[in-house]
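Topology and contacts: notes
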Amino acid sequence: MPKFFQYCPRCGSQNHKFENHHRFECFNCGFIYYHNCAAAVMVILRRGDEILFTVRNNDPCKGMLDFPGGFVDPKESGHEAVIRELKEELNLDLTRDQISLIDTEPNDYKYRDILYRTLDIIFEINLHEDITIELDHSEIREVKWLKKEEVDLEAIAFNSMKEVVRKYIL
Ligand SMILES: [Zn+2]
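My aim in this report is to walk through the structure given alongside it, one point at a time.

Thresholds, definitions, all that
Residues numbered from 1 in each chain as written. Predicted model: local features only at pLDDT ≥ 70, side-chain atom pairs only at ≥ 80, totals over all residues. Heavy atoms only, no water. Donors = N, O, S within 2.8 Å, 3.2 Å for Na, K, Ca; no water. Tetrahedral: all angles 85-135°; square planar, octahedral: opposite > 155°, others 65-115°. Helix = DSSP H or I, 4+ residues; strand = E, 2+ residues; numbered from the N terminus. Buried < 20%, exposed > 50% of the residue type's maximum accessible area, 1.4 Å probe, protein only. Salt bridge = Lys/Arg side-chain N within 4 Å of Asp/Glu carboxyl O. Polar contact = N/O pair within 3.5 Å; in protein donor to acceptor, adjacent residues only side chain to side chain. Contact = heavy atoms within 4.5 Å. Pairing = 2+ DSSP bridges. Axes fitted to C-alpha atoms, helices over the stretch in contact; angles between N-to-C directions. Phe/Tyr/Trp six-rings, centres within 6.5 Å; stacked < 30°, edge-to-face > 60°. Lys NZ or Arg CZ within 6 Å of the ring centre and 35° of its normal.

Bringing the coordination of the zinc ion into the picture now. In the first shell of the zinc ion, the protein supplies Cys-8 (SG), Cys-11 (SG), Cys-26 (SG) and Cys-29 (SG), at 2.3 to 2.4 Å from the metal. Of note is the zinc ion, whose 4 donor atoms meet at the metal with angles of 105 to 112° in an arrangement that counts as tetrahedral. Between consecutive donor residues of the zinc ion, the sequence gaps follow C-x2-C-x14-C-x2-C. With Cys-8 in the segment before β1 (16–19) and Cys-26 in strand β2 (residues 23–26), the pair connects residues that are 18 residues apart, well separated along the chain. By relative accessible area, Cys-26 is classed as buried at 1%.

One pass over the structure, following the stated rule, counts 14 salt bridges. Across the salt bridge formed by Glu-19 and Lys-17, the nearest N and O atoms sit 2.9 Å from each other. Among the ionic pairs, Lys-167 bridges to Asp-103, the shortest N-O distance being 2.8 Å. Here Asp-103 lies in strand β8 (residues 100–111) and Lys-167 lies in helix α2 (residues 159–168), a separation of 64 residues in the sequence. Classification of Asp-103 by relative accessible area gives buried; the value is 17%. Among the charged side chains, a salt-bridge network with shared partners connects Asp-73, Glu-76, Arg-84, Glu-85 and Glu-88.

In this section: the side chain of Asp-66. Structurally, Asp-66 is set in strand β6 (residues 65–66). There is a polar contact of 2.7 Å between the side chain of Asp-66 and the side chain of Arg-56. Each residue touching Asp-66, except ones within four places of it in the same chain, is listed here: Phe-53, Thr-54, Arg-56, Phe-158 and Met-161.

On to the pairing of β1, then. Remark: a regular strand shows side chains that alternate across the two faces of the sheet. With 4 bridges joining them, β1 and β2 adopt antiparallel strand pairing. Across the sheet, the residue bridging to Glu-19 is Arg-23, located in β2. With antiparallel pairing between neighbouring strands as the criterion, β1 and β2 make up a hairpin whose turn holds 3 residues, including Asn-20 at a positive phi of roughly 55°.

On to the sheet that holds β2, then. Strand order in the open sheet formed by 3 strands is β1-β2-β3, with antiparallel pairing between adjacent strands. Each end of this open sheet is capped by a strand with a single partner; those strands are β1 and β3 (32–34). With direction set aside, neighbouring strand axes in the sheet form an average angle of 10°.

Here Arg-23 is to be found in strand β2. Here Arg-23 falls in the partly exposed class, since its relative accessible area comes to 21%. Once the C-alpha coordinates of Arg-23 and Asn-36 are considered, the two residues, 13 residues apart in sequence, prove to be 8.4 Å apart. Ignoring anything within four residues of it in the chain, the contact list for Arg-23 reads Lys-17, Phe-18, Ile-32, Tyr-33 and Tyr-34. Of the polar contacts made by the side chain of Arg-23, one reaches the side chain of Glu-25; its length is 2.7 Å. A polar side-chain atom of Arg-23 sits 3.3 Å from a polar atom in the side chain of Tyr-34.

Any aromatic ring pair is given by two values, namely how distant the centres are and how the planes are angled relative to each other. This structure, assessed with the given rule, holds 8 aromatic pairs. With a centroid separation of 5.0 Å and 70° between ring planes, the pair formed by Phe-5 and Phe-24 is classed as edge-to-face. A residue pair is termed long-range when its members are at least 10 positions apart, and Phe-5 in the segment before β1 and Phe-24 in strand β2 qualify at 19 residues. Using a relative accessible area of 22% as the deciding quantity, one classes Phe-5 as partly exposed. Centroid distance Phe-53 to Phe-67: 5.1 Å. Interplanar angle 25°. Geometry classified as stacked. Of this pair, Phe-53 sits in strand β5 (residues 50–56) while Phe-67 sits in the loop between β6 and β7 (69–71), and the two are 14 residues apart along the sequence. For Phe-53, a relative accessible area of 0% corresponds to the buried category. With relative accessibility at 3%, the residue Phe-67 sits in the buried group. Between the NZ or CZ atom of Arg-47 and the centre of the ring of Trp-145, over which it lies, the distance is 3.9 Å.

Structure representation (structure tokens):
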């Protein structure tokens, strides 16, 4: 992996350290930057005894199984992020009372050679009726409704998600 920062972004010095991929400090000008955890939401969408998985259309983990979700925008709540992401990805219209918070998990997410540490916030939604889904193909190749015995842990994109599948689905 290339060096995260080659030069100090404030003064251009190469005299700096980046501890634990978290705290950047420049010894020349004193600039300090924390590469903090990013919040992300992940949704277990249930319909009867089936769970919706998306097939990723982009790296990282292109072609592998994922849950709907994504990064939380600045000034957005987790619930708002779920409503926005499921509208964007699946064209679903949801209300806050349909969404239950169930857990959180730390995760690593590498995007274009930059490692982001995330805190994944896991939600669950139970859909009772037949729903219409329209995919955003820029992010999602297809969706699969799987029963728990059809879920292959090896096909799942991220470690945090495998943990969620083990705990809440299998
Ligand atoms: Zn500096």
